[in-house]
Amino acid sequence: MEFSWGSGQESRRLLLLLLLLATWEAGNGQLHYSVSEEAKHGTFVGRIAQDLGLELAELVPRLFRVASKGRGDLLEVNLQNGILFVNSRIDREELCGRSSECSIHLEVIVDRPLQVFHVDVEVRDINDNPPVFPATQKNLSIAESRPLDSRFPLEGASDADIGENALLTYTLSPNEYFSLEKPSDDELVKGLGLILWKSLDREEAPEIFLVLTATDGGKPELTGTIQLLITVLDANDNAPAFDRTLYKVRLPENVPNGTLVIKLNASDLDEGLNGDIVYSFSNDVSPNVKSKFHIDPITGQIIVKGYIDFEESKSYEIIVEGIDKGQLPLSGHCRVIVEVEDNNDHVPDLEFKSLSLPIREDAPLGTVIALISVSDKDMGVNGLVTCSLTSHVPFKLVSTFKNYYSLVLDSALDRENVSAYELVVTARDGGSPSLWATASVSVEVADVNDNAPAFAQPEYTVFVKENNPPGCHIFTVSARDADAQENALVSYSLVERRVGERALSSYVSVHAESGKVYALQPLDHEELELLQFQVSARDAGVPSLGSNVTLQVFVLDENDNAPALLAPRAGGIGSVNELVPWSVGAGHVVAKVRAVDADSGYNAWLSYELQPGTGGTRIPFRVGLYTGEISTTRVLDEADAPRHRLLVLVKDHGKPALTATATVLVSLVESGQAPKASSRALSGAVGPEAALVDVNVYLIIAICAVSSLLVLTLLLYTALRCSAPPTEGACAPGKPTLVCSSAVGSWSYSQQRRPRVCSGEGPPKTDLMAFSPSLPDSRDREDQLQTTEESFAKPRQPNPDWRYSASLRAGMHSSVHLEEAGILRAGPGGPDQQWPTVSSATPEPEAGEVSPPVGAGVNSNSWTFKYGPGNPKQSGPGELPDKFIIPGSPAIISIRQEPTNNQIDKSDFITFGKKEETKKKKKKKKGNKTQEKKEKGNSTTDNSDQ
């Protein structure tokens, strides 16, 4: 930029003006420079990078570039120092023609982020074009009879420069006949001409030579000349004269050929040929005008014969001559100014200057996506362009500069809903009717990892048969990620944990890509019924997102375990010796075959069959189909063989069924020999139980010692409390104290006492209670609390909320047998419930009663089992509980059901250890009436088993 400085107050005013100009430019975001035309290559224009506030080091990384529409590479920027310099020859007249203002508009674009700056470089005019006349010589024919002050128009010179460089002054070479008429201030009326101020005399001067010089106002001044050759004609007194010397006509653009522009009229006072006028364009009319218009030589009509375009030329100047046909023809002149009116005949032009695609779906609002340039060649309202965008899209157009729009983000994007937008930008001018143009751009939304892989459901249940081959495919998990490309690549893995003593990865594995789950080893239902684990799905995005799904793998039982006969009454070949008196009646239980199956369900449901004897002989025995009890079918007589070899086939209900065979040797003896023989036969069985009795002796001693110490402590505590002033809490019942717990439930041992000084009740009571692993609801707890309070006033009832848990069966190691159905009575006054009664694994046929364990305590309550409110009766075969043990007790517990009409008076409580001999003798002394009741009961049981 060039400045000149004065001194004093003028310099201060100029400085203030420059500061105001700089402030205005900064507010408008536009820089202005100036450069002289015809400047040499490399001429300094301005420090554009510094003025725009850009660092030199970021010009190349941010893709600094300069664009100039239709201007080529006149100006360039040195990216090393940020200086704008002249790159090629700049000709102001070529760029802007006769326009008073001429500038080069530059668009400076940088990326990361996208920014656009507008720079105007004014091209200053220099006086590099001299005035030019249309021709180097002009011939004029003037009659000698022309009066003084006659005017003869001349075509002036033109200067391609502007301003003072284009201000022309004319001088005429010295002569005695003509003077020069200077042009007026009206540009449309070029008044240059010759004025005759001395009468011509052909005889004295037939030809006159003059030189017309045009000088511009530049420094240095440039001049142009034209030679005027004036031929003096003889005689024609009157020249043709037009109505007006100047005509102005408005003509719309794009009019068809043949359109009348104007009809001229000239008159001549002469007569005959001297009065006939011929119309023509002056020789000074440019070829462009002659190509656009035509004049009829007779009528003087000017018509259109070429394409009239406002954008090409806004006006045309036509000089018309009217020449008579005299011998010495005379001429008249007039000037026609044709002003072209603009029509809306150009469609707006749209151009995308810069695109930043694709756009990330998490891009902030206001992000610039594209820069759009619009233009219209029309003028005024017809060239006023407005832009609009497709509706219902998250983008908008913002007008940033004259004829420039920015496409910016207006609302949040979500690639999972819309992955790409087809935008249509419409540019419409203000004409009537308006014209418009459209441009389309496809905006692709780049994915961001904002969606975690999702499974169809949070949990899957899989059923797998046990004994599967290693590496078998058991399930396939699949997660879908709504993202794209690497953000949607899902990999699967196990959520590692321990299953018992082993790691989860030793049981199953999952394929990282397909999600297929494999069992790495054969699964065993008896070892593991349910395998629950989680599979994690994670995508490959950064940062990675993931989710888990739970798999519950139920191992289905296969019939892979044959029934096993229980020891000690059955050995490897299942041989048992039994002595039976001859006097027993029908239905007497001789022996019982006990077996267990490690499977579950139908595969563990055992049935017993008595194989037919050899030789087709009938045997007076039968076996219970589901109980395994061998009993007599009739009264024995002498015709029966004294020894019987019974083969009992134990078979489960699996497919295929697996079997085991037990051999029972029955010897018939006299009634007096049976007890002795039976005692000898049982001597081998008593031996192992003797060790158990010894253990119980030590156990009862320890319990008695601890109980005595506890009673003594409680008595001391009660005495201390009663010596103090009585309070309401002194007589409140104590709460049970938890001793131990296990997987099958909680065992509680408590001392329920009240000081005799408060209540005067009998001796204290020690209770051993069994609770379900599941917690009772609030109503059950209230009932238990009420029951606890009432237990001090009346005998304790069996706990009605005892549950048989499925986990109890899983940990059993003792034998369980399904016996015939019976009724478990809940005690005096309690409701009768269907529930398998419990018996010990004793050789006696009377199930449901077992001897109390050593150390159980004199005042200990017996345990009862019955259905609770949440456990309905199991009616189907194979659904009854298999087996369970009481933790800490060596008793073998079996389950037997008795029909509801069986009224056998037995105790339904569970006791432990061996049965007292007194009870054995009482049962053996029962008469035929008791035997008949048993026979009737067994018959009913067989019918229910069938």
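The rules we used
- Residues numbered from 1 in each chain as written.
- Predicted model: local features only at pLDDT ≥ 70, side-chain atom pairs only at ≥ 80, totals over all residues.
- Heavy atoms only, no water.
- Helix = DSSP H or I, 4+ residues; strand = E, 2+ residues; numbered from the N terminus.
- Buried < 20%, exposed > 50% of the residue type's maximum accessible area, 1.4 Å probe, protein only.
- Salt bridge = Lys/Arg side-chain N within 4 Å of Asp/Glu carboxyl O.
- pLDDT = per-residue confidence, 0-100.
- Contact = heavy atoms within 4.5 Å.
- Phe/Tyr/Trp six-rings, centres within 6.5 Å; stacked < 30°, edge-to-face > 60°.
- Pairing = 2+ DSSP bridges.
- Axes fitted to C-alpha atoms, helices over the stretch in contact; angles between N-to-C directions.

## Remarks on the overall build of the protein
Here is step 1 of the chain: In terms of regular secondary structure, the protein is built from 9 helices and 59 strands.
Here is step 2 of the chain: Here the protein holds 946 residues, and 41% of them are scored as buried.

## Notes on the pattern of salt bridges
Here is step 1 of the chain: Within the structure shown, the criterion is met by 19 salt bridges.
Here is step 2 of the chain: Across the salt bridge formed by Arg65 and Asp111, the nearest N and O atoms sit 3.4 Å from each other. Linking Arg65 in strand S3 (residues 65-67) with Asp111 in the loop between strand S6 (103-110) and strand S7 (115-124), this pair joins segments that are 46 residues apart in sequence.
Here is step 3 of the chain: According to the relative accessible area criterion, Arg65 is partly exposed, its value standing at 30%.
Here is step 4 of the chain: We classify Asp111 as buried; its relative accessible area is 14%.

## Description of unusual backbone geometry
Here is step 1 of the chain: Omega for the peptide link from Lys219 to Pro220 comes to 0°, which places this bond in the cis form.
Here is step 2 of the chain: With respect to the helices, strands and loops of the structure, Pro220 is situated in the loop between strand S13 (207-215) and strand S14 (223-233).
Here is step 3 of the chain: Positive phi, close to 60°, is recorded for His392, a residue that is not glycine.
Here is step 4 of the chain: Along the polypeptide, His392 turns up in the loop between strand S27 (385-389) and strand S28 (395-401).
Here is step 5 of the chain: Residues other than glycine seldom take positive phi values, yet Gln485 does so here, at roughly 55°.

## Some thoughts on the confidence of the model for the protein
Here is step 1 of the chain: Chain-level statistics for the protein give a pLDDT mean of 74 and a share of 68% at 70 or above.
Here is step 2 of the chain: Taken element by element, the predicted model of the protein shows its lowest mean pLDDT in strand S55 (residues 818-819) (32) and its highest in strand S40 (residues 516-519) (96).
Here is step 3 of the chain: Here residues 20-28 is modelled with pLDDT under 50, and outside its nearest four sequence neighbours on either side it reaches 4 contacts, counting other chains as well.
Here is step 4 of the chain: The model gives residues 675-690 a pLDDT under 50, and that stretch makes 6 contacts with residues more than four places away or in other chains.

## Quick word on the packing of aromatic side chains
Here is step 1 of the chain: A complete count under the given rule lists 9 aromatic pairs for this structure.
Here is step 2 of the chain: Relative to Tyr279, the ring of Phe242 has its centre 6.0 Å away and its plane inclined at 55°; by these criteria the two rings are tilted. Of this pair, Phe242 sits in strand S15 (residues 241-242) while Tyr279 is found in strand S19 (residues 277-281), placing the two residues 37 residues apart along the sequence.
Here is step 3 of the chain: Judged by relative accessible area, Phe242 falls into the buried class, the value being 11%.
Here is step 4 of the chain: Of the residues examined, Tyr279 reaches a relative accessible area of 6% and is grouped as buried.
Here is step 5 of the chain: Where Trp605 meets Tyr626, the ring centres are 4.9 Å apart and the plane angle is 15°; that geometry is what we call stacked.

## Here we look at the sheet that holds strand S34 (residues 472-476)
Here is step 1 of the chain: Pairing is antiparallel in the open sheet, where 3 strands are placed in the order S34-S40-S39. Of all the strands in the sheet, the pair left with one neighbour each is S34 and strand S39 (508-510). Averaged over all neighbouring strand pairs, the angle between strand axes comes to 30°, with direction disregarded.
Here is step 2 of the chain: Sheet topology places S39 next to S40; 3 bridges connect them, and they run antiparallel. Within S40, the residue paired with Ser509 across the bridge is Tyr518.

## Re the environment of Pro240
Here is step 1 of the chain: Structurally, the position occupied by Pro240 is in the loop between S14 and S15.
Here is step 2 of the chain: A C-alpha to C-alpha distance of 6.5 Å links Pro240 and Ile323, two positions 83 residues apart in sequence.
Here is step 3 of the chain: In contact with Pro240, not counting residues within four places along its chain, are Ser267, Asp268, Ile277, Gly322, Ile323, Asp324, Leu330, Ser331 and Gly332.

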